[in-house]
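As a plain string of letters, each chain reads:
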Amino acid sequence: AWTPRLYFGGAYFQGEDNRDLTFIEWANPFYRPEASVSFNRLFSDRVYSNFIDELSELSNFWTGYAGATAKPTESIEVGFNAAYLASLETFDQPYFVNVGQFKLPLAPALSFWTKGTDDDLGVETSLWARYHYSEDLVFEVGWSHLFTGDGLADGNYNDYNGLLFNGGTDDQDADYVYFDTKLCF
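So, here is what we can say about the structure in this document. As a convention, each chain's residues are numbered from 1 in the sequence order in which they are written. Local features are withheld for residues below a pLDDT of 70 in this predicted model, meaning they are given only at 70 or higher, and side-chain atom pairs are given and counted only at 80 or more; totals for whole chains, interfaces and linings count all residues. Only hydrogens and water are set aside; all other atoms, that is, all heavy atoms of the structure, feed into the side-chain values.

Turning our attention to unusual backbone geometry. The phi torsion at T3 lies on the positive side, around 25°, for a residue other than glycine. Helix and strand assignments follow DSSP, with helices taken as H or I runs no shorter than four residues and strands as E runs no shorter than two, numbered in order from the N terminus. Position of T3 relative to the elements: it lies in strand β1 (residues 2–13). Look at N60: it is not a glycine, yet its phi comes out positive at around 55°. Assignment of secondary structure puts N60 in the loop between α1 (23–27) and β2 (61–71).

A few words now on the nonpolar core. Here, nonpolar core refers to any group of buried Ala, Val, Leu, Ile, Met, Phe, Trp, Tyr and Cys residues whose side-chain atoms link them within 4.5 Å. Between buried and exposed lies partly exposed: a residue is buried under 20% and exposed over 50% of the maximum accessible area for its type, with that area taken using a 1.4 Å probe on protein chains only. In terms of nonpolar packing, the biggest core is built from 14 residues, with Y48, I52 and F61 touching the most fellow members. Counting residues per element, the ones that place at least two in this core are β1, β2 and β3 (76–87). Among the elements that make up this core, the one with the highest residue count is β1 (three residues). Apart from the residues lying within four places of it in its own chain, the contact partners of Y48 are A11, F13, R41, D53, F61, T63, Y65 and L85. Contact definition: two residues touch when any of their heavy atoms are within 4.5 Å.

Let's shift gears to the packing of aromatic side chains. Any two aromatic rings considered together are summarised by their centre-to-centre distance and by the angle between their planes. Each pair of aromatic rings taken from Phe, Tyr and Trp, with Trp reduced to its six-membered ring, is defined by centres within 6.5 Å and is described as stacked if the planes are under 30 degrees apart, edge-to-face if over 60, and tilted in the remaining cases. The tally for this structure, following the rule as stated, stands at eight aromatic pairs. Within the aromatic cluster, the residues linked to one another by ring pairs are F13, Y48 and F61. Think of it as a cone above the ring: NZ of Lys or CZ of Arg counts as a charge over the ring if it is within 6 Å of the ring centre and within 35 degrees of the ring normal. Here the guanidinium or amino end of R46 rests over the ring plane of Y48, the centre of that ring lying 4.4 Å away.

Once that is clear, we can look at the environment of G122. Within the secondary structure layout, G122 lies in strand β8 (residues 120–132). The class of G122 is buried, set by a relative accessible area of 2%. Once the C-alpha coordinates of G122 and D92 are considered, the two residues, 30 residues apart in sequence, prove to be 19 Å apart. Apart from the residues lying within four places of it in its own chain, the contact partners of G122 are A83, Y84, L85, F147, T148 and G149.

Turning our attention to the sheet that holds β8. Pairing in this open sheet of six strands is antiparallel, and the strands run β1-β2-β3-β8-β9-β12 from one edge to the other. With partners counted over all chains shown, the strands left at the sheet margins are β1 and β12 (174–183), one partner each. Averaged over all neighbouring strand pairs, the angle between strand axes comes to 15°, with direction disregarded. Of the strand pairs in this sheet, β8 and strand β9 (residues 137–148) are connected by 11 bridges, and their pairing is antiparallel. By the bridge assignment, T125 is partnered in β9 with H145. At least two DSSP bridges between two strands are required for those strands to pair. Helix axes are fitted only over the stretch in contact, all axes being lines through C-alpha atoms; the angle between N-to-C directions runs from 0 to 180 degrees.

Taken together, V97, V99, L104, L106 and W113 make up a surface patch of nonpolar side chains, about 420 Å² in accessible area. Mapping V99 onto the fold places it in strand β5 (residues 96–99). Under the relative-accessibility criterion, V99 is labelled partly exposed at 46%. Patches here are clusters of residues that have more than 30% relative accessible area and form no salt bridge, with a 9 Å joining cutoff for like charges and a 5 Å cutoff for nonpolar side chains (Val, Leu, Ile, Met, Phe, Trp, Tyr). All accessible-area figures derive from a Shrake-Rupley calculation using a 1.4 Å probe, and residue coverage is judged against the displayed protein chains alone. By definition, a salt bridge exists where a carboxyl oxygen of Asp or Glu is found within 4 Å of a side-chain nitrogen of Lys or Arg.

Purely spatial values, then, with no claim about function.
What follows is the structure, given as structure tokens:
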């Protein structure tokens, strides 16, 4: 009984964000920007975050995680893990000033005048329990909490293989509670 198991891991999915321009590039009529190409995970089944990786398409990020599991009985398993998530290539948004809760761009037509976002997406912790009713039927209940980082509050291109902008609204933490059933046949 119990036999605790510790684990550590990480993942790195290369990404690019070539949306930022210098003044010279902006002023040059012959300049052709490069495409932003992030790593495509090609139908991965590994979810790295319950909050920002709902379809297993998170890219342009790296993560490090650690956790522990234990089996108090033969059919019950409990676990805890924590993960740090960060963007690799951050988004340069148009320069702005904060007016209350709104961001007011100062000169949106001057696309070279930008302000970089933070790369810290946050820390996610999870606590879960599984009941193995049989070899083929498993019930799981869990709770996750996201401590939002400045990079998620500012916003970056990480989801949908680095093409979808996530964040940019506020810096509120989030909770996720779930009940899951797995049937193998």
